[in-house]
Amino acid sequence: MKGYLALSGVLATTAFTSLTPIVTATPVTPVAARTARVTPPVVATPVVAKHIVTTRLARRAPTGARGISNSALTGVVKSYCGSCHSATQKRGNLSLAGYSVDSAVASLDVTEKMIRKLRAQMMPPPGSRRPTGDTLLALVEALEGIVDASGAPNPGSRTFSRLNRPEYERAIKDLLKIQVTAGDFLPLDTKSANFDNIADVQAMSPTLLEAYLNAASAVSRMAVGDKRAVPAPITFKSSLFESQHPWDHIDGTPYGTRGGMVFLHTFPADAEYTFRLNVAGGTGMNHEDLVLSIDGNVVSQLKYEKGMDRHTLSADYPNGFDFVRSEPLKIKGGQHTVAVAFVRRTEGPYEDLIKPHDWSRASGATAAAGTTEPSALADITINGPMNITGLSNSPSRQAIFTCHPTAKAAQRACAQQIVTRLATSAYRREVTPRDVSSLMGFYDRAVAQPGNDFEDGVRTAIQATLASPYFVFRFEKTPANAVPGSDVRLTDYELATRLSFFLWGTIPDARLLSLARQKQLQVPATFSAEVRRMLADERANALSTRFAAQWLRLQDIEKVHPDAFLFPDYDLQLATSMQTETELFFEDLIRRDASVMDLFSADYTFVNERLAKHYGIPDVAGNTFRKVSYPDASRRGIFGQGSMLVQTSLGNRTSPVLRGKWVMEVLMGAPPPAPPPNIPDLEQTAGSVDGKAISTRQRMEMHRSNPTCKSCHQFIDPIGLALDNFDVTGRVRYRENGATLDTRGQMYDGRQVTSAADLIASLTSRPIPLMRNFTENLMAYAVGRRMEDYDQSTIRTIVRDAAKTNYKFSSLVMGVVNSKAFRTKRIESVSADDTQH
């Protein structure tokens, strides 16, 4: 670590010098699991019939499940699984040769794979021999019982974790009352197990360290202000996929306008600034006015005339673009919402013979006869500050300067008060005299520089605070007398930090830190009350925008751009609305403390007018999202939401394979194996036969005619086809290429499915695997590490207990935060090499 610091100058060296070697934690392992009745189709065989008959005569035997002995169940594994999972065949990269139910714990990795597949009823696969009755249920219950009763749970361990981009943004907002875009400073976060907060992939490097140092410098100046800032241009761009249609009003712009851009910008000081607007495209509107507003107040109205400052054509703007420049405008320093939009000149139908749709600029401009393409705002460049007059009392300055003495003799004491308060929040613990002394050293050196004053010293101390390892990293110290291999309880401050980053995605608030300081957070009643308080707080929306968004892969919707000529009404605003819909849907589940099963079967959603129109939901007006009931059973839960349906499509057609794979991976936690090498992709299958276009289903049937492909596609395809009544953009459809859709399929459990409703009925008939997968993801996000085989007992216990409340969200959260994995850590051995860093 010190080697990195040498690259970063005096500030970094001093800020990081107190870093000491620290070892961290791992997860848990509980007890038996709630049982669900399975109804496997298939024929009994003499060997299993014998097992069942003989063992049921001895139902009171102390070993075995449902009266079947472990030896009989081992025979079931050998008889029904051994041929495919032999040492030579090894289907699914799994060998059960020599496997014994009695040795379930010794072969934990194999056992947990079996439990997952058996609970989902995915094994034995369709078409294979299966035992009759409840033999498979007895087998999985026996395996779970043996593993869950095998001993004290292992809480696991993890390396240190650091603030990722979203956590950094939220922490800065809570600490300094200013919004920053961490992507302007920090590189992309590495994801593992669906999430960006998994500790063991958060590697540190000199480059990343330098990024945090640069961020600390920039953010401290944004928060305090900079009266010595020099004029510099900053450009904000709009997306090519964002519609600026003649009747599209963008939230944040004045009423009576259309199109344009809205963004946050931090003005470094009270000064004059100029704006340069890049107006692109436009074939039918030659004279328009643009309105520029700051925090909702109009500060300038600019005339735009086509060709007034014409510049070269480009691939993005084939009709060229014009610059519109403002006069210097006096603007107060601090963070403000900037909005620029066109004055709306038209109402009613938009007459366009070529493109009578809400087309985005992604479709390109044709400039053809009959086309009336509206002008669009491509980007905005702000230049300044010029003629600085001072620094206004912005919200961030109010949060920082709780005192501001004019007498020089009182300034250092005031600065120490500010630094101590901010460092306590930033470090998420009580600061030591050494911490304060180190930070005040930065203050002293800064004010000693010619021309600097009290505010320069405070700003430099804040910069040092944000560059400190105690802010950037989430350390959990190892007690001096800890024995390797033993488990230790987190301190109150460490527990407050874990809890806050789990539920809020940010640093603990004053109440949590106060309880930690008083050593009251570990008291069961106090702890439970705090968890419920935090779930009721608006900051718990992090569970929807952070946890649910990553688990459900909502960010992937940005990767799919439906063909503009096939789906002309799809644009960035619609895609954003789809993502908002799912986030609000999950947040509502939290607020109502509803059953997590609602994710799959809810008959309601959240829409605004644009999204409701897209789905065919009547009587919704305006841009505000509201809760509505689905008009029919074609949509239910997450399966009716565009965020899931678009991300599992291709640009020009649906993909039942992607949709089936998504359901298996994300919702069921039972992903299909990777395809074997040299197997042609479905995209390589011919799209037509004898010159006639064939349906997606026909292409899939041709693809899986290969026996190697069929082994996986028999699981994937029925799920995906059941969702094929939704097109690429999530609209309900009944035909493809002019032919009626055929969505019939048979699930691996024998159930016939033809629609989303059938699929939901099939999946929800087995709630246990769904809830275990949800809990596994929730725990991974909460603890900041991947869930291992030894964690599965804990997960089973949490789900079993939550079943008593019909899987209320709070029951699962309480199970996670009260688990040994969340509240303790296992001490690992420290090598000699580790002690040198």
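What counts, and at which threshold
- In every chain, residue numbers begin from 1 and rise along the written sequence.
- Reporting in this predicted model follows two pLDDT cut-offs: at least 70 for local features of residues, and 80 or more for side-chain atom pairs to be given and counted; totals over whole chains, interfaces and linings ignore these cut-offs and use all residues.
- The side-chain figures draw on all heavy atoms in the structure; neither hydrogens nor water molecules are used.
- Numbering of helices and strands runs from the N terminus, with a helix taken as a DSSP run of H or I at least four residues long and a strand as a DSSP run of E at least two residues long.
- For the exposure calls, accessible area comes from a 1.4 Å probe over protein chains only, and a residue counts as buried if that area is under 20% of its type's maximum, exposed if over 50%, partly exposed in between.
- Note on contacts: a residue pair qualifies if any of its non-hydrogen atoms lie within 4.5 Å across the two residues.
- By definition, two strands form a pair when at least two bridges between them are found by DSSP.
- When charges are counted, Lys and Arg are positive and Asp and Glu negative, with His and the chain ends excluded.
- What counts as a salt bridge is simple: a side-chain nitrogen of Lys or Arg found within 4 Å of a carboxyl oxygen of Asp or Glu.
- Each polar contact in these results corresponds to two N or O atoms within 3.5 Å; when the atoms are within protein, one needs to be able to donate a hydrogen and the other to accept it, and residues that are neighboring in sequence are counted only if both atoms are side-chain atoms.
- We call a set of buried Ala, Val, Leu, Ile, Met, Phe, Trp, Tyr and Cys residues a nonpolar core when their side-chain atoms join them within 4.5 Å.
- What a helix should span is 1.5 Å times the count of its residues minus one.
- In this description, one arc is meant: the one made by directions from the helix axis to the C-beta atoms.

J.: What am I meant to see in the environment of Leu 143 here?
T.: You can see Leu 143 is positioned in helix 6 (residues 135-148). Residue Leu 143 is classed as buried on the basis of its relative accessible area, which comes to 0%. Distance from Leu 143 to Met 114, taken between C-alpha atoms, is 8.7 Å for residues 29 residues apart in sequence. If we skip the residues at most four places from it in the chain, Leu 143 touches Tyr 99, Val 101, Ala 104, Thr 111, Met 114, Ile 115 and Leu 118.

J.: Looking at this structure, how should I read the pairing of strand 3 (residues 257-267)?
T.: Remember that side chains alternate between the two faces of the sheet whenever the strand is regular. Here strand 3 lies mainly inside the structure; 9 of its 11 residues are buried. Note: strand 3 against strand 10 (residues 334-343), 9 bridges, orientation antiparallel. If you follow Arg 258 over to strand 10, its bridge partner there is Phe 342.

J.: I'm lost on the side chain of Arg 635 in this one. Help?
T.: Position of Arg 635 relative to the elements: it lies in the loop between strand 15 (626-629) and helix 21 (642-647). Of the side chains with opposite charge, Asp 632 comes closest to the buried, unpaired Arg 635, at an N-O distance of 6.5 Å. In terms of polar contacts, Arg 635 uses its side chain to reach the backbone carbonyl oxygen of Gly 640, at 2.7 Å. Polar side-chain contacts of Arg 635 include one of 2.7 Å to the backbone oxygen of Gly 730. For Arg 635, the contacting residues outside a window of four places in its chain are Tyr 615, Tyr 630, Gly 640, Leu 645, Phe 726, Gly 730, Arg 731 and Val 732.

J.: Whenever I open this one, helix 17 (residues 542-551) confuses me. Can you help?
T.: In an α-helix, one full turn covers 3.6 residues, which means residues spaced three or four apart are oriented alike. Burial runs high along helix 17: 9 of the 10 residues are buried. Those residues of helix 17 lying buried are Ala 542, Leu 543, Ser 544, Arg 546, Phe 547, Ala 548, Ala 549, Gln 550 and Trp 551. Immediately downstream of helix 17, the backbone of Arg 553 shows phi near 60°, a positive value.

J.: Teacher, can you tell me more about the environment of Leu 208 here?
T.: One can find Leu 208 in helix 8 (residues 206-224). With 21 residues separating them along the chain, Leu 208 and Pro 187 place their C-alpha atoms 7.3 Å apart. Beyond its immediate chain neighbours, meaning those up to four positions away, Leu 208 contacts Arg 162, Pro 187 and Ala 203.

J.: Quick question: what am I supposed to make of unusual backbone geometry here?
T.: Leave glycine aside and you will find that most residues have negative phi; peptide bonds, for their part, are mostly trans. Here Met 123 and Pro 124 are connected by a cis peptide whose omega angle stands at -10°. The topology assignment puts Pro 124 in the loop between helix 5 (108-119) and helix 6. With a phi close to 60°, Arg 553 is a non-glycine residue in the positive phi region. Within the secondary structure, Arg 553 is located in the loop between helix 17 and helix 18 (572-592). Despite not being glycine, Asn 806 has its phi angle at roughly 60°, a positive value.

J.: Teacher, can you tell me more about the nonpolar core here?
T.: Taken as a class, soluble globular proteins show a tendency for nonpolar side chains to be buried jointly. Membership of the largest hydrophobic core comes to 93 residues, with the highest contact counts inside it found for Phe 502 and Phe 639. Ranked by the residues each element gives to this core, the list is headed by helix 26 (residues 767-783), at 10 residues. Those residues in contact with Phe 639 that lie beyond four places of it in its chain are Phe 600, Met 644, Leu 645, Val 663, Leu 667, Leu 723, Phe 726, Leu 759, Ile 760 and Leu 763. If you look at the next biggest cluster of nonpolar residues, it comprises 52 residues, including Leu 175, Leu 213, Ala 426 and Phe 454.

J.: How should helix 7 (residues 165-176) be read in this particular structure?
T.: In a regular helix each residue adds 1.5 Å, so 12 residues correspond to 16 Å; helix 7 covers 16 Å between its end C-alpha atoms and thus fits that length. Burial in helix 7 covers these residues: Arg 165, Glu 167, Tyr 168, Ala 171, Ile 172, Leu 175 and Leu 176. End-on view of helix 7: buried residues confined to an arc of 160°, all on one side of the axis. Once helix 7 finishes, Lys 177 follows within two positions and takes phi at roughly 55°, a positive value.

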